[in-house]
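Okay, here's what each chain looks like letter by letter:
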Amino acid sequence: AYQEEEDAFLVAMMHRHGYGAAERIRMEIRRAHQFRFDWYFKSRNTNEIQKRCDFLVRAVERENTILNSNNNTGDATMKTGENTTIVN
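All of the points below concern the structure found in this document. Remember, predicted model here, so these are calculated numbers, not experimental data. (Residues numbered from 1 in each chain as written. Predicted model: local features only at pLDDT ≥ 70, side-chain atom pairs only at ≥ 80, totals over all residues. Heavy atoms only, no water.)

## Here we look at the overall build of the protein chain
Tallying secondary structure elements over the protein chain gives four helices and zero strands in all. Split into buried and exposed, the 88 residues of the protein chain put 30% on the buried side. Counting only carbon and sulfur atoms, one obtains 51% of the accessible surface of the protein chain, whose full area is about 6,300 Å². (Helix = DSSP H or I, 4+ residues; strand = E, 2+ residues; numbered from the N terminus. Buried < 20%, exposed > 50% of the residue type's maximum accessible area, 1.4 Å probe, protein only. Areas by Shrake-Rupley, 256 points an atom, 1.4 Å probe, with all protein chains shown as cover.)

Written out as structure tokens, the structure reads:
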């Protein structure tokens, strides 16, 4: 069960290191002060991190598609809600 803070960190690290750099992201997680007691997140292996990153990229693409279609129709509100939590 990933938390919103962990997902935000993964997206930020994908931006910094690039998509597919799961090993670098794993090392960043281990060094990050805010996750020093988050044993679940720190214990994820490279494949699990990459799988979560893939899921997050698809979720962001889906959200952008919804926003773009709403902007094209003149409706600027997002239909999925403002504070949507992403779960696996």
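After that view of the structure, there is still more to cover.
## A short note on the side chain of Arg44
Within the secondary structure layout, Arg44 lies in the loop between α3 (39–42) and α4 (46–73). In terms of polar contacts, Arg44 uses its side chain to reach the side chain of Glu48, at 3.4 Å. Ignoring any residue separated from it by four or fewer positions in sequence, one finds Arg44 in contact with Tyr2, Arg26 and Ile49. (Polar contact = N/O pair within 3.5 Å; in protein donor to acceptor, adjacent residues only side chain to side chain. Contact = heavy atoms within 4.5 Å.)

## Comments concerning the packing of aromatic side chains
Counted under the stated rule, the structure contains five aromatic pairs. The ring of Tyr40 has Arg44 sitting right over it, with the charged end atom 3.9 Å from the ring centre. (Phe/Tyr/Trp six-rings, centres within 6.5 Å; stacked < 30°, edge-to-face > 60°. Lys NZ or Arg CZ within 6 Å of the ring centre and 35° of its normal.)

## Things to note about the packing of helix α2 (residues 22–31) against α4
Orientation of α2 relative to α4, taken along the N-to-C sense of each, is 100°, at an axis distance of 9 Å. Our classification of the angle between α2 and α4 gives roughly perpendicular. Mapping the contact onto sequence places Ala22, Glu23, Ile25, Arg26 and Ile29 in α2 and Thr46, Ile49, Gln50 and Cys53 in α4. Here the contact of α2 with α4 is built from residues that sort into five nonpolar, two polar and two charged. (Axes fitted to C-alpha atoms, helices over the stretch in contact; angles between N-to-C directions. Parallel < 35°, antiparallel > 145°, perpendicular 65-115°, else oblique. Nonpolar A, V, L, I, M, F, W, Y, C, P; charged D, E, K, R; others polar.)

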